[in-house]
Amino acid sequence: MTQIYDLHCHSTASDGALSPTALIKRAAENAISMLALTDHDTVAGLTEAKKCADELNINFINGIEISAQWEKIGVHIVGLNIDPQHDALQKLMAELHIMRIERAEKIAQKLAKKGIPDALEFVQKTVTNETITRVHFANFLVSQAYVSTVSEAFDRYLGDGKSAYVSTTWTPLENAIQAIRDAGGIPIVAHPLRYKLTATRMKKLLGAFKNAGGLAIEVVTGRYNPDEMRILANYANQFELAASVGSDFHSPENVWIELGRVAPLPNNVKPVWELWQ
Ligand code: AMP
Ligand code: MN
Ligand code: MN
Ligand code: MN
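What counts as what
- Residues numbered from 1 in each chain as written.
- Chains lettered and ligands numbered in written order.
- Predicted model: local features only at pLDDT ≥ 70, side-chain atom pairs only at ≥ 80, totals over all residues.
- Heavy atoms only, no water.
- Helix = DSSP H or I, 4+ residues; strand = E, 2+ residues; numbered from the N terminus.
- Rg over C-alpha atoms; globule rule 2.2 N^0.38 Å.
- Buried < 20%, exposed > 50% of the residue type's maximum accessible area, 1.4 Å probe, protein only.
- Contact = heavy atoms within 4.5 Å.
- Areas by Shrake-Rupley, 256 points an atom, 1.4 Å probe, with all protein chains shown as cover.
- Donors = N, O, S within 2.8 Å, 3.2 Å for Na, K, Ca; no water.
- Domains from an automatic or database assignment.
- Buried area = accessible area lost by both parts, 1.4 Å probe.
- Salt bridge = Lys/Arg side-chain N within 4 Å of Asp/Glu carboxyl O.
- Polar contact = N/O pair within 3.5 Å; in protein donor to acceptor, adjacent residues only side chain to side chain.
- Nonpolar A, V, L, I, M, F, W, Y, C, P; charged D, E, K, R; others polar.
- Lys, Arg positive; Asp, Glu negative; His and termini not counted.

### Some points on the overall build of the protein chain
When helices and strands are tallied, the protein chain shows 9 helices and 8 strands. For a compact globule of 277 residues, the expected C-alpha radius of gyration is about 19 Å, and the protein chain comes in at 18 Å, within 12% of that figure. For the protein chain, the spread of C-alpha atoms along the principal axes amounts to about 55 × 45 × 40 Å. For the protein chain, the residues scored as buried account for 51% of the 277 residues in total. Put simply, of all contacts in the protein chain between residues at least 6 apart along the chain, 73% involve residues at least 24 apart. Of the accessible surface of the protein chain, which amounts to about 12,900 Å², a share of 50% is contributed by carbon and sulfur atoms.

Written as structure tokens, this is what we have:
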């Protein structure tokens, strides 16, 4: 039987719907043999997840997904096999959390101007582990019936350029890569096709990533089709980067993306786990 690897997913430590324990139980139900938890800008879920994974015989990898800035856009850098306690990583997470709190205050102000009060108070009550995300605001808007779904909340208020959107300059790409490397981890470009770059710009991003010490890209993610996988495998080989695979699972409510429901890596790439095994 082929082994199932899922090296990108979220828990309630950031914007996921499941607790670390519930997530690992789902991974076991889905016959996953290796799982990495990669919450946005936090390692707060890792200890609980690791404990449960050990009990259920899942090979657990410590991970994170860092919000980084490259030129004018936000890019996500997954770090795998990190030491969560490392100073460099702790310092970077603290900076990102401050940026997120400042952004959250501004989002709440924009919502208040639209006649939607008290968003910050609600969000602060529901955030368990410091990483305040736009998903928390979306959940607030749904729970108070301002919108009926999370995706409507993004379409109307929270998505890029929408009425309660607040742009943020995240940590520079190079900082994210360096902190992951300092913490002994592997930096990986998450979901490369989601940034909607032209081929020229994609090559520029991958060149900058590689130059700064980046080591892998996600070649397989939850919703990619075979053509996109081939394109990404070619980029991996062209830039001599290893290949990762991850569903980016957030919630059972999104029926399109399930934990561990990912295609196997194509044969012509180097699997990222070979870098630490
Ligand atoms: P943030 O990092 O706080 O800007 O929040 C971004 C998160 O919002 C992403 O990691 C996704 O999980 C989620 N997200 C972004 N766009 C959408 C959307 N259109 N519908 C649902 N979730 C979204
Ligand atoms: Mn997310
Ligand atoms: Mn992401
Ligand atoms: Mn993610």
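### Let's talk about the coordination of the manganese ion (ligand 2)
Each protein donor to the manganese ion (ligand 2) is listed here as D15 (OD), H40 (NE2) and H250 (NE2); together their distances run 2.1 to 2.2 Å. Donor residues for the manganese ion (ligand 2) sit on one chain with the sequence pattern D-x24-H-x209-H. In this model, the manganese ion (ligand 2) sits 5.7 Å from the manganese ion (ligand 3). Note that D15 is positioned in the loop between strand 1 (4–6) and helix 1 (20–29) and H40 in the loop between strand 2 (32–37) and helix 2 (46–55), a separation of 25 residues in sequence. Of the residues examined, D15 reaches a relative accessible area of 12% and is grouped as buried. Residue classification places H40 among the buried residues on the basis of a relative accessible area of 7%.

### So, the domain arrangement of the protein chain
Partitioning the protein chain into domains gives domain 1 (5–92 + 172–275) and domain 2 (97–158). Listed as interface residues are 9 residues of domain 1 and, on the opposing side, 8 residues of domain 2. Of the roughly 640 Å² buried at the junction of domain 1 and domain 2 (both faces included), carbon and sulfur atoms supply 44%. Joining domain 1 to domain 2, the criterion identifies 1 salt bridge. The partner of D41 in a salt bridge is R100, and the shortest N-O contact between them spans 2.8 Å. On inspection of domain 1 and its partner domain 2, the count reaches 5 residue pairs in polar contact (both at pLDDT 80 or more). Across the side of domain 1 that touches domain 2, the residue classes tally to 2 nonpolar, 5 polar and 2 charged.

### Regarding the side chain of D15
There is no salt bridge for the buried D15, and the closest opposite charge comes from R100, which lies 7.1 Å off by N-O distance. Engagement of the side chain of D15 in a polar contact is seen with the side chain of H250, the distance being 3.2 Å. Ignoring anything within four residues of it in the chain, the contact list for D15 reads H10, D39, H40, T133, V135, H136 and H250.

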